[in-house]
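# Remarks on the overall topology
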Amino acid sequence: MAHLKLENNSISPITQEIFDKTQKAFGFVPNMYKTMGANPALLDAYIYSYNSFRANAGFNATEQEVVFLTAAYENNCEYCVAAHSTLADMAKVPTEITDAIRNGSEIADPKLKQLSKLTRSLSLNRGIVPQEEVDAFLAVGYTEQHVLGILAGIAVKLISNYSNHITNPELEAPFTSRAWKK
């Protein structure tokens, strides 16, 4: 698999601003951000989309992690599965939910199960899914707007997962307890 070296890159003002805000908020700048920051358009698009998904997609914290973890699992992104497992733990998402996704198995909770199943299907099939899958998702209480919210989450993970595949950022200590390989 190809990997970029990203040596001797200058940091743009956009990237530096994101790094500064991230450092202030979290106490460190994730290596994923550092590699994405080699191109400010990539990092800026990721940060904007990530924040918008969190604020506007209509999902609670547990549902957000189900979408992010499922998409990262399907994209085989070791970094994001570890990071979002840690974030899910911090958000008090039950480990049986995150572990089910990490193991490629179904979630016991019927609503979260359908959320993960539709996220998985939309990811694997590039948005082309049978109406029956959407209907099953809607039948557990979600709306058509939530289907579009899943697409926003998948798009966020597509940016970070593909970037991580080509840049191979090192996993930071806060995420290593939830390291993952498919």
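This text follows the structure it describes.
Figured I'd write up the structure that's included with this text.

Time to look at a nonpolar patch on the surface. Together, L4, L6 and I166 give the surface a local cluster of nonpolar side chains, amounting to about 220 Å² of exposed area. Positionally, I166 belongs in helix α9 (residues 144-167). By relative accessible area, I166 is classed as partly exposed at 34%.

In this structure, Y33, Y46, F59, L115 and I150 are the most contacted members of the largest nonpolar core, which totals 45 residues. Per-element accounting of this core gives the leading share, seven residues, to helix α4 (residues 61-74). Apart from the residues within four sequence positions on either side, Y46 is in contact with M32, Y33, M36, V156, K157, I159 and S160.

Glancing now at the environment of N161. The residue N161 is located in helix α9 in this model. According to the relative accessible area criterion, N161 is buried, its value standing at 0%. Considering only alpha carbons, one finds N161 and N75, 86 residues apart in sequence, at a separation of 6.6 Å.

Another aspect to go through is the packing of aromatic side chains. Taken as a whole, this structure holds 10 aromatic pairs when the rule is applied. Seen from their ring centres, Y33 and Y46 are 6.1 Å apart, and the 70° between their planes marks the pair as edge-to-face. Taken as a pair, Y33 in helix α2 (residues 31-36) and Y46 in helix α3 (residues 40-56) lie far apart in primary sequence, 13 residues in all. On the basis of relative accessible area, Y33 is assigned to the buried category, the value being 10%. Centre to centre, the rings of Y79 and F175 are 6.1 Å apart; their planes meet at 75°, and the pair counts as edge-to-face. Taken as a pair, Y79 in helix α5 (residues 78-90) and F175 in helix α10 (residues 173-176) lie far apart in primary sequence, 96 residues in all. Judged by its relative accessible area of 7%, Y79 falls in the buried class. Assessed through its relative accessible area of 10%, F175 is described here as buried. Taken together through their ring pairs, the aromatic side chains of Y33, Y46, Y50, F53, F59, F68, F137 and Y142 make up a single cluster.

Calculation criteria
- Residues numbered from 1 in each chain as written.
- Predicted model: local features only at pLDDT ≥ 70, side-chain atom pairs only at ≥ 80, totals over all residues.
- Heavy atoms only, no water.
- Patch = residues over 30% accessible without salt bridge, like charges linked within 9 Å, V, L, I, M, F, W, Y side chains within 5 Å.
- Areas by Shrake-Rupley, 256 points an atom, 1.4 Å probe, with all protein chains shown as cover.
- Salt bridge = Lys/Arg side-chain N within 4 Å of Asp/Glu carboxyl O.
- Helix = DSSP H or I, 4+ residues; strand = E, 2+ residues; numbered from the N terminus.
- Buried < 20%, exposed > 50% of the residue type's maximum accessible area, 1.4 Å probe, protein only.
- Core = buried A, V, L, I, M, F, W, Y, C linked by side-chain atoms within 4.5 Å.
- Contact = heavy atoms within 4.5 Å.
- Phe/Tyr/Trp six-rings, centres within 6.5 Å; stacked < 30°, edge-to-face > 60°.

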